[in-house]
Amino acid sequence: MRTQPPVRPEPRTRTLDAPPSLGPLLARGALLSPFKRPRPDAPVPATRLVLPGARIDLAHLAAYERVCGFPTGADALPVTYPHVLAFPLAMRILAGRAFPLPLLGLVHTSIEITAHRECPADAEYELAVLVERLAPHRRGTEATVLTEARVRGALAWESRSTYLARHSPRDPGKDGEPGREQGRGHHGDRRPDPTRDHRRGPDPRRDSEPLPALAEWHLAPDVGRRYGAVSGDRNPIHLHPLTARLLGFPRAIAHGMWTVARCLAEYGPGETARVRAEFRAPVLLPGTVTYAARGPRFELRSGERVHVTGAVGPTHARDE
């Protein structure tokens, strides 16, 4: 009999006066990580963090756009930027005692973004983050984190990210459906076909035919440090070869969200779009990767190894 995650109680809304400081959160998450025992039936934090009145620092936005390859000075935000804007709220939850998965070693396995409408760079946003659920995974336990951005009370942008905590199964019969792990353990498994639910984004793996190469990018050793500076995600696996080796990687690796943002900057989706991307294998730095795309689908690969698969589709009306 499989483990069933407990029913999450209606979340309590906690409103913040200012964005949390990332440095202390990262330190706290690292200190608490050894004491956590991840399991898919653990309760999730019953808290929805809200930050009203968030404004865009235009200098920070321009720095982000330059690092990721987006054109600078546009009236609308890049489709991935609200993820960075709300990252401190997500870290406040993921680094807390109530979150059952250890922050150290937590792997970002996929993201689904829906931009319901254009997100102006000069707007005021209400940001909200909560953990929706835990689920058993072949390699451990996976958490789904919902992030929302509202403008004048209307939902403008939302995302669902999945994060995997790798651990040995306590009972092989409780580990969910088998799947084939991709890469070296930093990026996750193949996921169920999202086209089965019309609320999910387009399926990055819908067509197995290889995508045509459109560009080749030579990535500098400092890509992780530069993206970490604008995103706040200073995980040591991205910053330096020495710290990456301590965590099992031969060199520093690029952030998954940087690889998606760089692909979308090249793809050029409109102001409203639905994006789904899966992180399948790490991108070592320095390195050379190939961007490939056709129709709604895109991918990042080096040789036969695929690092990221993704797809872009139109935004549909949100189910009530």
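Our structure is the block above this text.
Residues numbered from 1 in each chain as written. Predicted model: local features only at pLDDT ≥ 70, side-chain atom pairs only at ≥ 80, totals over all residues. Heavy atoms only, no water.

(A) Layout of the overall build of the protein. Secondary structure assignment for the protein yields six helices and eleven strands. Expressed as a percentage of its 320 residues, the buried residues of the protein come to 54%. Sequence separation of 24 or more characterises 76% of the internal contacts of the protein that already satisfy a separation of 6 or more. For the protein, the accessible surface area stands at approximately 15,000 Å², while carbon and sulfur atoms represent 51% of it. (Helix = DSSP H or I, 4+ residues; strand = E, 2+ residues; numbered from the N terminus. Buried < 20%, exposed > 50% of the residue type's maximum accessible area, 1.4 Å probe, protein only. Contact = heavy atoms within 4.5 Å. Areas by Shrake-Rupley, 256 points an atom, 1.4 Å probe, with all protein chains shown as cover.)

(B) Inspection of the sheet that holds strand 7 (residues 213-219) at higher detail. Strand order in the open sheet made by the eleven strands is 1-2-4-5-6-3-8-11-10-9-7, with mixed pairing throughout. Either end of the sheet is taken by a strand with one partner, and the two such strands are strand 1 (12-15) and strand 7. Taking each pair of neighbouring strands and ignoring which way they run, the sheet shows an average axis angle of 20°. Pairing between strand 8 (residues 273-279) and strand 11 (residues 305-313): six bridges, direction antiparallel. Counted as the bridge partner of Phe 279 is Val 308 from strand 11. (Pairing = 2+ DSSP bridges. Axes fitted to C-alpha atoms, helices over the stretch in contact; angles between N-to-C directions.)

(C) Representation of the side chain of Glu 142 within the structure. Mapped onto the elements of the fold, Glu 142 is located in strand 5 (residues 140-151). Only 2.9 Å separates the side chain of Glu 142 from the side chain of Thr 109, close enough to count as a polar contact. (Polar contact = N/O pair within 3.5 Å; in protein donor to acceptor, adjacent residues only side chain to side chain.)

(D) Quick look at the side chain of Ser 33. Within the secondary structure layout, Ser 33 lies in the loop between helix 1 (22-32) and strand 2 (47-55). Taking the relative accessible area as the measure of exposure, Ser 33 reaches 7% and is therefore buried. One polar contact links the side chain of Ser 33 to the main-chain amide nitrogen of Leu 104, over a distance of 3.0 Å.

(E) Main features of the packing of aromatic side chains. Using the criterion set out here, one finds five aromatic pairs in the structure. Between Tyr 64 and Tyr 227, the ring centres sit 6.2 Å apart and the planes meet at 50°, which makes this aromatic pair tilted. Remark: Tyr 227 occurs in helix 4 (residues 223-231) and Tyr 64 occurs in helix 2 (residues 58-68); sequence separation between them is 163 residues. Overall, Tyr 64 belongs to the buried group, its relative accessible area being 0%. Geometrically, the ring pair formed by Trp 217 and Tyr 291 is stacked, given 5.4 Å between the ring centres and 15° between the ring planes. On the criterion of sequence distance, the pair formed by Trp 217 in strand 7 and Tyr 291 in strand 9 (residues 287-294) is long-range, its members being 74 residues apart. (Phe/Tyr/Trp six-rings, centres within 6.5 Å; stacked < 30°, edge-to-face > 60°.)

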